[in-house]
Each structure stands twice: as structure tokens, then as C-alpha cells.
Amino acid sequence: MSTTYDRALATIQDRTATVGVVGLGYVGLPLADALHEGGLRVLGFDTDPSKVEALGAGEPYIGHLGPELTARLAASARVEPTSDFARLAEADVVVVCVPTPLAEGNEPDLGFVTETGRAIGRTLREGQLVVLESTTYPGTTRREFLDAVLETSDGRLEQGTDFFVAYSPEREDPGSPTHRTATIPKLVGGLDARSARLAAEVYRAGFEEVVEVSSAEVAEAAKLLENTFRAVNIALVNELKVILDAMDVDVWEVVRAAATKPFGYMPFFPGPGLGGHCIPIDPFYLAWKAREVDRPTRFIELAGVINTEMPRYVIGRIAEGLGSRAKALQGSSILVVGLADKRDVDDTRESPSFVLIDELTRAGADVAYHDPHVPVAPRTRRYDLGLASVALPPERLAASDAVLIATDHSCIDYAEIPEHAPLVVDTRDAMRGHEDLLRDRLVRA
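Let me sum up the structure you'll find in this document.

Thresholds applied
- Residues numbered from 1 in each chain as written.
- Predicted model: local features only at pLDDT ≥ 70, side-chain atom pairs only at ≥ 80, totals over all residues.
- Heavy atoms only, no water.
- Helix = DSSP H or I, 4+ residues; strand = E, 2+ residues; numbered from the N terminus.
- Buried < 20%, exposed > 50% of the residue type's maximum accessible area, 1.4 Å probe, protein only.
- Pairing = 2+ DSSP bridges.
- Right-handed = clockwise from strand over helix to strand, strands pointing away.
- Patch = residues over 30% accessible without salt bridge, like charges linked within 9 Å, V, L, I, M, F, W, Y side chains within 5 Å.
- Areas by Shrake-Rupley, 256 points an atom, 1.4 Å probe, with all protein chains shown as cover.
- Salt bridge = Lys/Arg side-chain N within 4 Å of Asp/Glu carboxyl O.
- Axes fitted to C-alpha atoms, helices over the stretch in contact; angles between N-to-C directions.
- Left-handed = near helix turned anticlockwise from the far one by under 90°.
- Contact = heavy atoms within 4.5 Å.
- Nonpolar A, V, L, I, M, F, W, Y, C, P; charged D, E, K, R; others polar.

Considerations on the side chain of Ser 215
Its place among the elements puts Ser 215 in the loop between strand E8 (210-212) and helix H8 (216-246). Taking the relative accessible area as the measure of exposure, Ser 215 reaches 14% and is therefore buried.

The structure is reproduced here in C-alpha cells:
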């Protein structure tokens, strides 16, 4: 006699299961594509009707994913986007890809996670598998998320027997030419062994490699370790940059020189601050949870302090460069090149460019930005810049008192900048090879 678990496993393995993906953004959209390509039917859920409409029409709304992805999904009879969360009952598997931002005081904000959990609970039925992908601290899936699901369910269903819950951290690398969603190994940890097995089978439909771990907590902690590792090492080179600048030593050349060692070293490069949803946020989730168990995180918190202070250091370097030309920040015209958080994407989440523009404006500078990937600066939880990208003709470069390179998009002609800009403040080593032309007009930051 087959059990609920057996029936759920069978529908996943024979690819008749329907997967509901909650959140059609930078994580959920490529995930939906990978699972669809693996033969599964996909229901895509989002509270933003513009995303639902765009996906239904096959219109691209995330630049680095390209138009082919949305066109492919829109043309398929196995994909349907919707804003009707009552339809969660139709899904055999529900995968949650919602944001986990920081609240005031750098505390975790699980509002989107728990709200989604309650929505799932309202339509929860026997045999459903629920998987959380949002980055969070260890224990979230087992406590806050599961509690939210159970809060609105009718109480008849038992986790691990009647329905199943697992955690699988997202591992997206937007704009990467070498890593695609389907080729990045997928970690899976369940609240129990059956939940882990079901989730692993779902992901095997769309991923080349699935790695099962012993618990949801291990998978949650692994995600935090991955990004805390990066945050700490970026903080190290950012601090080294400040030190070496004072010694008139090129930190970028130093990092590349160290990278010639074939063992025991991994290169990280400095920048104007941390961007993206993960690296600036995840260490604070870990630090917050550590305080709950009365354990210090001095190393992690110090890295956070260093990284969040980098925009202030960059602005100081701009002020120094302008000062050498008898100019002040107040009243100066600053052109920021790059609003996105990293090269060749339109992702502006936690981008340090927003901090830089806001602080420069507060200091009295007249600030404009150029970013072909971000034609209009989006409103964020903290900033409403009210700016649109400007063109980059020679006359605009020449009219600016300083050009600040904050993101090194490959589509920008960097040879034009030193030809016309009176002062270039480079945070990305984009002016490498143009130093002779710039001479005393280059400030590394």
C-alpha cells in the first residue's frame, strides 16, 4: 500500500508534478526555467503584476538573463505565471524564492518568508513538498517558516508524514559567463530524510548535480558561510587598499601578483563597497543568530564595518582629487559611471553606487550617472535618487569636474574617459593601461 510519501516521490520522478515557484525575480525566474527544461510543469507566482504580465507575454525584465528565456517560457504550455496565490493548492511542490533583507539595526527581516509561509498554509494539502530557497540563518526553515505554514493550515496535516519541508539555498551568479543555474551544484537539506529526498529529486530534474546534506540547518549555514567567506576576504583587500594607497602601492597589482601562487591563495579584489543581495546582508544574519546563542562574531562584524565604510573612503578620495584642483565637493559636477552592483548586469540591489550618489548629493555635489544596463534608477527601501542614466559623449565627460568609475561594465569605452575627463576616480581598476595619458588626473579609490 503506497504512502503519501511514495505517491509524492512517484509524481516527481515521472515528471508529472507541478512546481509552484514563488517569486519571479533574479532567483525564481532562472529556477523556473531550469525546472521547466527538466520536464516539470511550472506555476510562477509573484505579487508584482508587471512581472506576471511580462513573463506571460514573453517580454524580458531581467537584462542579464536575455530575451530568449522569457520567450521560451511564454511559449510553453507547461508554464503559467499568476498573481493568484489561492492557486498554490495546484502545486505538488512549492519553492519559495523571496527576499530576506535587513531591517533597522541590521537585524534580519523575515517578513516576506513568513508571509509566504502563511499563504502556503492556507492552501496546504496532503502530499505537498515545500522548499525554502531564501538566504537565512540556521533554524529558520524548521521554526519561523514551518510555524508560519502551520499557523494558517487546518492542523490536520503532519510535517514529515502528510507534507514535507526542505531548504535549498539559491546560488545565482548574475552575469557570469561560466555559471548557469543548471550547472551550479544544488545543496538540499530537509527537516527530515523524506523531505530531503523529495527535494533532491525535484532539483535533479533541472540541475546537473544535487548535493544532499544531513539537515536544513546545515544547508542554511553553508549558504551563510559561502557569502561570509567572500565578505571577510573582500574586507581584507579593502583595508589593504587603504593602507597601500597611503604607501603609494598599487593594490590591484599586488593582488594579481599574489594570485600567481598556485596554492593557498584565492584572489579577491577591492571596490567602492559591497553590492548584491547576498554578500552585504548574509554576514549580519549570521551575526544576529550568533548573539541569540550568546556567541561573539568579532571577525565577521569587523568585516562588515570595513566594507560599509568604503563609500566614505571613496568620497574622501574624490574630495582630495578635487582639492588638488582648488575645487570642493560642494558645487562640483560628478559623473558616476555604473549604477549596478557588478559588471554587465542590471541588478542594483544593495549597490554602493546608491550610497555614493546619495552622500555626494548631500555634500552639495551635482551628480549624474551613466549605466546602459540601468536606464532609470529604481526606488529602493532606502533611496529614491530620482535620476535617469545620461549619455556619455565627450562634452559631458569634459564638463564634469570628476568622473567616478563605480562599476566596470564591459560595454563602456574606457579609452574615451581619459581623453576628456579632467579627473578620474577609479574604484575598479578600469583605467589600467591609461595611466600615462591621465598622469596627475587619476585617483585610485
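Next comes the rest of the description.
A look at the pairing of strand E5 (residues 129-132)
On a regular strand, each side chain points to the face opposite its neighbour's, so the side chains alternate between the two faces of the sheet. Side chains of E5 alternate between two faces, with Leu 129 and Val 131 and Val 130 and Leu 132 buried alike. Inspection of the sheet shows strand E4 (residues 93-96) paired to E5 by four bridges, in the parallel sense. In the strand pairing of E5, Val 95 is matched with Val 131. Viewed along the sheet, the connection from E4 through helix H5 (residues 111-123) into E5 turns out right-handed. Where E5 meets strand E6 (residues 164-167), four bridges bridge the pair, whose relative direction is parallel. In the sheet register, Leu 129 faces E6, and the bridge partner there is Phe 164.

Brief notes about a nonpolar patch on the surface
Taken together, the side chains of Leu 240, Ile 243, Met 247, Val 249 and Val 254 define a hydrophobic patch exposed on the protein surface, amounting to about 370 Å² of accessible area. Tracing the backbone shows Met 247 in the loop between H8 and helix H9 (251-258).

Points about the sheet that holds strand E11 (residues 402-405)
Backbone-to-backbone hydrogen bonds join strands into a sheet, with any given pair of strands oriented parallel or antiparallel. In space, the five strands of this open sheet follow the order E10-E9-E11-E12-E13, with parallel pairing throughout. The sheet is open, and its two edges are formed by strand E10 (366-370) and strand E13 (442-444), each paired on a single side. Each neighbouring strand pair of the sheet contributes to a mean axis angle of 20 degrees, computed without reference to strand direction. Here E11 pairs with strand E12 (residues 424-426) via three bridges, running parallel. Looking at the pairing, Leu 404 lines up with Val 425 of E12.

A closer look at the packing of H8 against helix H10 (residues 282-292)
At a minimum axis distance of 8 Å, the contact between H8 and H10 shows a crossing angle of 115 degrees. Handedness of the crossing formed by H8 with H10: left-handed. Here H8 contributes Lys 223, Leu 224, Asn 227, Thr 228 and Ala 231 to the contact with H10, which in turn contributes Asp 282, Pro 283, Tyr 285 and Leu 286. Classifying every residue of the contact of H8 with H10 by side-chain character gives five nonpolar, two polar and two charged.

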